[in-house]
Amino acid sequence: MLTATAQTVAILPINRHVPVTEFALKLLNALESIGAPTSYLNQATVMQVLGRHAFSRMGTLKLAGWLAETEQKYRIVLYVADTAISAPWTQTCIRQVRSARPSSFVEPG
């Protein structure tokens, strides 16, 4: 079992050819296999939970609250940037990890 404090981890591909989803799922499985309660968040997950307006001006408040709740619930939160760098989801991933302590950036590829 992990004894470290909670972590937020952004997984950002260095280019569009990097299989970011495959890498993130392998990381998720590895972390869970050692007993680390881990949440895997990608754009689809957020849209499924919060709906299509998750990244609208009004939706961002709801999104921020939900992400904060998720970070409290899990030891590790994987923010998988599976959209373009300028997309709202990728910018959210970067912002969440920058604001969290301790945090990590993982760049597969």
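Computed from a predicted structure; not experimentally measured.

Caption draft 1: Structural context of the nonpolar core. In this structure, Leu41, Val46, Trp66 and Tyr79 are the most contacted members of the largest nonpolar core, which totals 16 residues. Mapped by element, the contributors of at least two residues to this core are α2 (43-50), α3 (59-73), β3 (76-80) and α4 (88-99). Sort the elements by how many residues they give to this core and α4 lands first, with 4 residues. Contacts of Trp66, omitting those with residues within four sequence positions, involve Leu41, Thr45, Val46, Val49 and Leu50. Judged by nonpolar contacts, the second largest core, of 11 residues, contains Ile11, Val20, Ala36 and Tyr40.

Caption draft 2: Inspection of the environment of Ala100 at higher detail. Positionally, Ala100 belongs in the loop between α4 and β4 (103-106). Judged by relative accessible area, Ala100 falls into the buried class, the value being 10%. Sequence-wise, Ala100 and Gln7 are 93 residues apart; in three dimensions their C-alpha atoms are separated by 7.9 Å.

Caption draft 3: Up close: the confidence of the model for the protein chain. Across the protein chain, pLDDT averages 88, with 86% of residues at or above 70. Mean pLDDT across the elements of the protein chain ranges from a minimum in β4, with 51, to a maximum in strand β2 (residues 38-41), with 97.

Caption draft 4: Looking closely at the pairing of β3. With 5 of 5 residues buried, β3 is to be regarded as a mostly interior element. Burial along β3 is two-sided: Ile76, Leu78 and Val80 facing one way and Val77 and Tyr79 facing the other are all buried. Direction of pairing for strand β1 (residues 7-11) relative to β3: parallel, over a ladder of 5 bridges. By the bridge assignment for β3, Thr8 is matched with Val77. Pairing of β2 with β3 involves 4 bridges; the strand directions are parallel. Looking at β3, one finds that Leu41 is bridged to Tyr79.

Caption draft 5: Representation of the packing of α2 against α3. Packing of α2 against α3 brings their axes to within 11 Å, and their N-to-C directions diverge by 110°. If you check the angle between α2 and α3, you find them roughly perpendicular. The segment α2 lies against α3, with Thr45, Val46, Val49 and Leu50 engaging Lys62, Leu63 and Trp66. Each residue belonging to the contact of α2 with α3 can be placed in one class, and the counts come to 5 nonpolar, 1 polar and 1 charged.

The rules behind these values
- Residues numbered from 1 in each chain as written.
- Predicted model: local features only at pLDDT ≥ 70, side-chain atom pairs only at ≥ 80, totals over all residues.
- Heavy atoms only, no water.
- Core = buried A, V, L, I, M, F, W, Y, C linked by side-chain atoms within 4.5 Å.
- Buried < 20%, exposed > 50% of the residue type's maximum accessible area, 1.4 Å probe, protein only.
- Helix = DSSP H or I, 4+ residues; strand = E, 2+ residues; numbered from the N terminus.
- Contact = heavy atoms within 4.5 Å.
- pLDDT = per-residue confidence, 0-100.
- Pairing = 2+ DSSP bridges.
- Axes fitted to C-alpha atoms, helices over the stretch in contact; angles between N-to-C directions.
- Parallel < 35°, antiparallel > 145°, perpendicular 65-115°, else oblique.
- Nonpolar A, V, L, I, M, F, W, Y, C, P; charged D, E, K, R; others polar.

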